[in-house]
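Coordinate analysis (summary)
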Amino acid sequence: MAAAADAPRAHPSPAEPVIVHVRDLRSGEMDVFAGESKTRLHDPALAARLAHSVR
Amino acid sequence: MSSHREAPEISMDPVADSTDLYAFVSPDQPDTVTLIANYIPLQEPAGGPNFYQFGDSVRYEIHVDNDGDGLADITYRFTFTSRLRDPETFLYNTGPITSLNSPNWNSRQFYSVRRLMPGDGTGTELGKDLACPPCNIGPLSTPHYASLAASAVHDLGSGIKVFAGQRAEGFYVDLGAIFDLGDLRPFENLHAQYGMHVFSSPAPGVNATNGLNVHSIGLQVPITELVQKGASGVSDPKSVIGVWTTASRQSASVFDATTGKTVSTGPFRQVSRLGNPLINEVIIALGDKDRWNTLPPAGDKQFAHYYAHPGLAAALPALYPGVFPNLAALVKSGKARADLEAILLTGIPGGIISGFQNNTGPVLSDMLRLNTAIKPSNSPNILGLLGGDLAGFPNGRRVFDDIVTVELRAVAGLTYALVDKSFTPDAAASKVTDGLTDTSVKAPYLSTFPYLGVPYSGFYNPS
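Here's what I pulled together on the structure shown here. (Residues numbered from 1 in each chain as written. Chains lettered and ligands numbered in written order. Predicted model: local features only at pLDDT ≥ 70, side-chain atom pairs only at ≥ 80, totals over all residues. Heavy atoms only, no water.)

**A look at the pattern of salt bridges**
For the structure shown, the criterion picks out 17 salt bridges over all chains. Ionic pairing is found between Glu29 of chain A and Arg23 of chain A, a salt bridge with its closest N-O pair at 3.0 Å. Assessed through its relative accessible area of 43%, Arg23 of chain A is described here as partly exposed. Arg397 of chain B is paired through a salt bridge with Asp20 of chain B; the nearest N and O atoms lie 2.8 Å apart. Within this pair, whereas Arg397 of chain B is found in the loop between β12 (368-371) and α10 (403-411), its partner Asp20 of chain B is found in strand β1 (residues 18-25), the two being separated by 377 residues in sequence. (Salt bridge = Lys/Arg side-chain N within 4 Å of Asp/Glu carboxyl O. Buried < 20%, exposed > 50% of the residue type's maximum accessible area, 1.4 Å probe, protein only. Helix = DSSP H or I, 4+ residues; strand = E, 2+ residues; numbered from the N terminus.)

Rendered as C-alpha cells:
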C-alpha cells in the first residue's frame, strides 16, 4: 500500500465522517477524505474488499 | 449577468455562486476601502418559508493582492453557522422581529471573520458570533427593516466594519434582451433579427434584476491595512491593490438519508471566483468556465486569448450589420485586443490616461484593480473612467457603476484607440448601451456602509 497525503493531519475523531472514493478498482487507487484532508492510497486488495462489501 | 449563474457547475449551487464584486475608496470614509462580495443570485423576495441564507458548508473569501503576483497577500475568510431557536415550529419567525436577538426570530445565522496572510497559519480572528440580519419579509415580520439591518453592521475595531446579509440587487442589466441573441433594446431596430423583422423601432431597456435581492459580504478596511507599507500617491505602484472573491466547498459529500442532511469532508476546493465583472460570463468560453472558477488569478495567462480575441467583439458586427465596420475590420485583422488585456489582466499603466494608473505589473491576472490613492469623486459618473471619473470602474468598482455599458463600449472598440492611435472607433462604440442607468434600480443605494440598498420585502415585491 502506498499513500500520499494532501495535507498532514491527525487521525479523524470517531464522530467525524470519513469518505472513500475508489477511483480505479483495478489499480486500487482511492482517495480518503477526512476533516480538511485527503490521502491518496494505492491498495488493490482493500479496494476489492470495499467493492465486494457493497450489496 | 455580472457573474450570476455564469458557469454550468456553479449555476447549480446558488449559495456558492458569486454574483458581483465591488472595491472602492469609501466616499464617506476616504481613509478606508470598501470590499463587497455578493452571493446567491436572483432572490425572489417572497421566497419563504426558508428564506435565503449563506451556506454553512461554504467558505467565502475576499482576497487582496498588493504585490502584483496574482496571489493573495491578505484573505478575509467568512464562515457561517445557522441556528434554530425552536426546531418544533415550521416558521422562520413566530412574531415581529424587532432586534437581532428577538425571541420571535427562529432561523438565525451567525458568522466569523478571519484575516489570513502568507505564513501566519490559521490567521487572526477579527470577529465571531456576528449576527446576520433576517431577510426582509414584510411589515408584520420585519416592521423596521432598515434600522434592523443597520444594527447588523459590526465594528470589529482597528477601523474595520463588517456586514453580511441580504441587500437589494444593485447591479442593473437588461438580461431578457441581451440573452435573446444580443439584443440591445435602444438599438434593436438595427439588429439583424435573423430576418424575422420583430423590431422596427428602438425601445427602452428593462432592468431584469429590479425587485430582486442578493446576499452581501461587506468589509470596510483602512487603506493602510491593504496596501504595501510606504504607498504614496497615484503614480506609486504600491497604491494599487487587486481584489477577487472565491467560494470553496469541501471535496467530498454524501447525502445521508437517515438524517436528511448532506455530510461533507476533505480539503476545501474553490468552486467560484469573481474579479472583474462579466468575465466568466461573457469573455471565457463555455468549455472553460467551470475550470476558470477553480483557479487563482495568477494562472490567467492560459485564458489570455479569450481577452485578446473576445467572441463578443466578433458578434457585434454580425448582429448589427453596418453599425460596427471599424470593429469588424479590427476583428478581421486578427490583432490582439491589447486594450482589454491592459484593463482586465494587468491594469492600465501610467501615461495613457492623465493622472491615472492601476497597473500591477506583467503577471496576467483577472483582478478588480483599485488605485487607493484616487480620492472618491464628488460628482461620480456611472461610466467611470470612460466618463472621465477616475474613481470608477475599471478603477475598482462602485455599487452604482454601469459596468454593462462600460464593457460593451470597450469591447466594441472604444478603448482600442488608447493603444493604437491609427484606429478610429465606430461612432456606435461610444453610444452602445443596454439602455439602463443607476436610476433603473428601485431601491436607492445608501450613502454609507454597506452602500447597497435595503432589500426588497417579500410582502411588497412583486407588487
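The rest of the description comes next.
**Describing the nonpolar core**
Tyr60, Tyr76, Phe78, Phe80, Tyr111, Val243 and Tyr307 of chain B are the most contacted members of the largest nonpolar core, which totals 109 residues. In contact with Tyr76 of chain B, other than residues within four places in its own chain, are Leu35, Tyr60, Glu61, Ile62, Arg114, Arg115, Leu126, Leu219, Val221, Glu225 and Leu226 of chain B. (Core = buried A, V, L, I, M, F, W, Y, C linked by side-chain atoms within 4.5 Å. Contact = heavy atoms within 4.5 Å.)

**Some points on the pairing of strand β3 (residues 29-34) of chain A**
Residue and element names in this part refer to chain A. Counting buried residues in β3 gives five out of six residues, a clear majority hidden from the surface. Strand direction decides the pairing type here: strand β2 (residues 18-24) and β3, joined by six bridges, are antiparallel. Bridge pairing in β3 places Asp24 opposite Glu29. Counted along the chain from β2 to the antiparallel partner β3, the turn is four residues long, and its residue Gly28 has a positive phi close to 75°. Here six bridges tie β3 to strand β4 (residues 37-42), and the two strands are oriented antiparallel to one another. In the strand pairing of β4, Phe33 is matched with Lys38. Remark: two residues form the turn of the hairpin made by β3 and β4, two consecutive strands paired antiparallel; Gly35 in that turn has positive phi of roughly 55°. (Pairing = 2+ DSSP bridges.)

**Observations concerning α10 of chain B**
All names here are of chain B. Among the nine residues in α10, nine count as buried, and that is most of the element. When α10 is considered as a whole, its buried residues turn out to be Ile403, Val404, Thr405, Val406, Glu407, Leu408, Arg409, Ala410 and Val411. The first or second residue beyond α10 is Gly413, which carries a positive phi of 110°.

**Quick look at the sheet that holds strand β2 (residues 32-43) of chain B**
What holds strands together in a sheet is hydrogen bonding between their backbones, with the strands either parallel or antiparallel. Residue and element names in this part refer to chain B. If you walk across this open sheet you meet the five strands as β1-β2-β9-β8-β7, and the pairing is antiparallel. In the strand order of this sheet, the two ends are held by β1 and β7 (154-157), each with one partner. Averaged over all adjacent pairs, the angle separating strand axes in this sheet is 15°, with direction ignored. (Axes fitted to C-alpha atoms, helices over the stretch in contact; angles between N-to-C directions.)

**Notes on the interface of chain B and chain A**
Contact residues are listed per partner, giving 13 residues for chain B and nine residues for chain A. By the criterion of area lost to chain A, the three top residues of chain B are Ala252, Thr265 and Pro267 of chain B, representing 48% of everything that side buries. Where chain B touches chain A, the interface holds one salt bridge. One salt bridge in this structure joins Arg59 of chain B and Glu36 of chain A, with 3.3 Å as the shortest N-O distance. Ranked by residue count, the leading element in the side of chain B that touches chain A is strand β11 (residues 261-274) of chain B, at seven residues. Residue classes in the side of chain B that touches chain A are distributed as five nonpolar, six polar and two charged. (Buried area = accessible area lost by both parts, 1.4 Å probe. Nonpolar A, V, L, I, M, F, W, Y, C, P; charged D, E, K, R; others polar.)

**A few points about unusual backbone geometry**
Residues and elements named next belong to chain B. Cis geometry marks the peptide bond from Phe393 to Pro394; its omega dihedral reads 5°. Among the secondary structure elements, Pro394 is positioned in the loop between β12 and α10. Across the junction of Phe449 and Pro450, the peptide omega takes the value 10°, indicating a cis bond. In this fold, Pro450 is placed in the segment after α10. For Ile40, which is not glycine, the phi torsion reads 65° and is therefore positive. Relative to the helices and strands, Ile40 resides in strand β2.

**Some points on the side chain of Asp20 of chain B**
All names here are of chain B. Asp20 sits in the buried class, given a relative accessible area of 0%. Only 2.8 Å separates the side chain of Asp20 from the side chain of Arg397, close enough to count as a polar contact. If sequence neighbours within four positions are ignored, Asp20 has contacts with Ser2, His4, Ile36, Ala37, Asn38, Glu169, Phe171, Leu274 and Arg397. (Polar contact = N/O pair within 3.5 Å; in protein donor to acceptor, adjacent residues only side chain to side chain.)

**As for the packing of aromatic side chains**
Residue and element names in this part refer to chain B. As enumerated under the stated definition, the model contains 13 aromatic pairs over all chains in all. Centre to centre, the rings of Tyr60 and Phe80 are 5.5 Å apart; their planes meet at 90°, and the pair counts as edge-to-face. Remark: Phe80 occurs in strand β4 (residues 74-84) and Tyr60 occurs in strand β3 (residues 58-65); sequence separation between them is 20 residues. Given a relative accessible area of 0%, Tyr60 falls into the buried group. A ring pair is formed by Tyr416 and Phe423, whose centres lie 5.2 Å apart and whose planes are at 85°; its orientation type is edge-to-face. (Phe/Tyr/Trp six-rings, centres within 6.5 Å; stacked < 30°, edge-to-face > 60°.)

**A few points about the side chain of Gln43 of chain B**
All names here are of chain B. For Gln43, the location among the structural elements is in strand β2. Accessibility expressed as a relative area gives 0% for Gln43, which makes it buried. Of note is the side chain of Gln43, whose polar atom sits 3.1 Å from the backbone oxygen of Ile40. There is a polar contact of 3.0 Å between the side chain of Gln43 and the side chain of Gln166.

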